[in-house]
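# Secondary and tertiary structure notes
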Amino acid sequence: MITIHLDHLLFNAFHGIHEEEKVLGNEYVVDCSVSFNERTDVIEHIYDTINYEAVYEIIQKRMSVATPLLETVVMEIGREVSRTYPELNSIDVSIKKLYPPIEGMQGASGVTWHKNF
């Protein structure tokens, strides 16, 4: 089994339920891992693997759509990647909001979605 990782993808986006998040936006970090069974003894061609550039484009496109809940965003990213690559065994998508609008909170908030196929 092969796992492809996209780690620490940075986006400025407008997700959230608070009005200031919809206006000011926030910084987000997205991680995505996809696993699949290799079809050849040695992968030598892009069509024998998962094109991480295409996965990035799916993530980038979805992150540009303002959405109240991060749970919605991770699930929709995961579903679109799995529709594009039906050979997946599993997918993990995580999003962290770097500066959640919670008074006194230092750190990030986030969600992860994992799905086995």
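Note: the structure precedes this text.
Residues numbered from 1 in each chain as written. Predicted model: local features only at pLDDT ≥ 70, side-chain atom pairs only at ≥ 80, totals over all residues. Heavy atoms only, no water.

## Focus: the nonpolar core
- One finds Ile59, Met63, Val81 and Ile95 to be the most contacted residues of the largest nonpolar core, which totals 27 residues.
- Excluding anything up to four places from it in sequence, Val81 contacts Val34, Val55, Ile58, Leu88 and Ile91. (Core = buried A, V, L, I, M, F, W, Y, C linked by side-chain atoms within 4.5 Å. Buried < 20%, exposed > 50% of the residue type's maximum accessible area, 1.4 Å probe, protein only. Contact = heavy atoms within 4.5 Å.)

## A look at the side chain of Lys97
- Its place among the elements puts Lys97 in strand β3 (residues 88–97).
- Only 2.4 Å separates the side chain of Lys97 from the side chain of Glu21, close enough to count as a polar contact. (Helix = DSSP H or I, 4+ residues; strand = E, 2+ residues; numbered from the N terminus. Polar contact = N/O pair within 3.5 Å; in protein donor to acceptor, adjacent residues only side chain to side chain.)

## Remarks on the pattern of salt bridges
- All told, the structure shown has four salt bridges when counted by the stated rule.
- Here Glu87 ties to Arg39 by a salt bridge, and the two come within 3.6 Å at their closest N and O atoms. Here Glu87 is found in the loop between α3 (70–84) and β3, whereas its partner Arg39 is found in the loop between β2 (26–36) and α2 (52–63), with 48 residues between them in sequence.
- When its relative accessible area of 30% is taken as the criterion, Glu87 is described as partly exposed.
- The partner of Arg83 in a salt bridge is Glu80, and the shortest N-O contact between them spans 3.0 Å. (Salt bridge = Lys/Arg side-chain N within 4 Å of Asp/Glu carboxyl O.)

## Looking at the packing of α2 against α3
- Contact geometry for α2 and α3: axes closest at 10 Å, N-to-C directions at 145 degrees. Taken as a pair, α2 and α3 cross one another with a handedness that is right-handed. Contact with α2, carried on its side by Val55, Ile58, Ile59, Arg62 and Met63, involves Thr72, Val73, Glu76, Ile77, Glu80, Val81 and Thr84 of α3 and no other residues of that element.
- The residue inventory of the contact of α2 with α3, partitioned by class, reads seven nonpolar, two polar and three charged. (Axes fitted to C-alpha atoms, helices over the stretch in contact; angles between N-to-C directions. Left-handed = near helix turned anticlockwise from the far one by under 90°. Nonpolar A, V, L, I, M, F, W, Y, C, P; charged D, E, K, R; others polar.)

## Here's the deal with unusual backbone geometry
- The residue His8 is not glycine, and still its phi comes out positive at about 60 degrees.
- With respect to the helices, strands and loops of the structure, His8 is situated in strand β1 (residues 2–13).

## Re the side chain of Ser82
- You can see Ser82 is positioned in helix α3.
- On the accessibility criterion, Ser82 (15% relative accessible area) is buried.

## Some points on the packing of aromatic side chains
- Following the criterion strictly, the structure yields one aromatic pair and no others.
- Relative to Tyr56, the ring of Phe11 has its centre 6.0 Å away and its plane inclined at 20 degrees; by these criteria the two rings are stacked. Of this pair, Phe11 sits in strand β1 while Tyr56 sits in helix α2; the two residues are 45 residues apart in sequence, bridging distant segments of the chain.
- The class of Phe11 is buried, set by a relative accessible area of 12%. (Phe/Tyr/Trp six-rings, centres within 6.5 Å; stacked < 30°, edge-to-face > 60°.)

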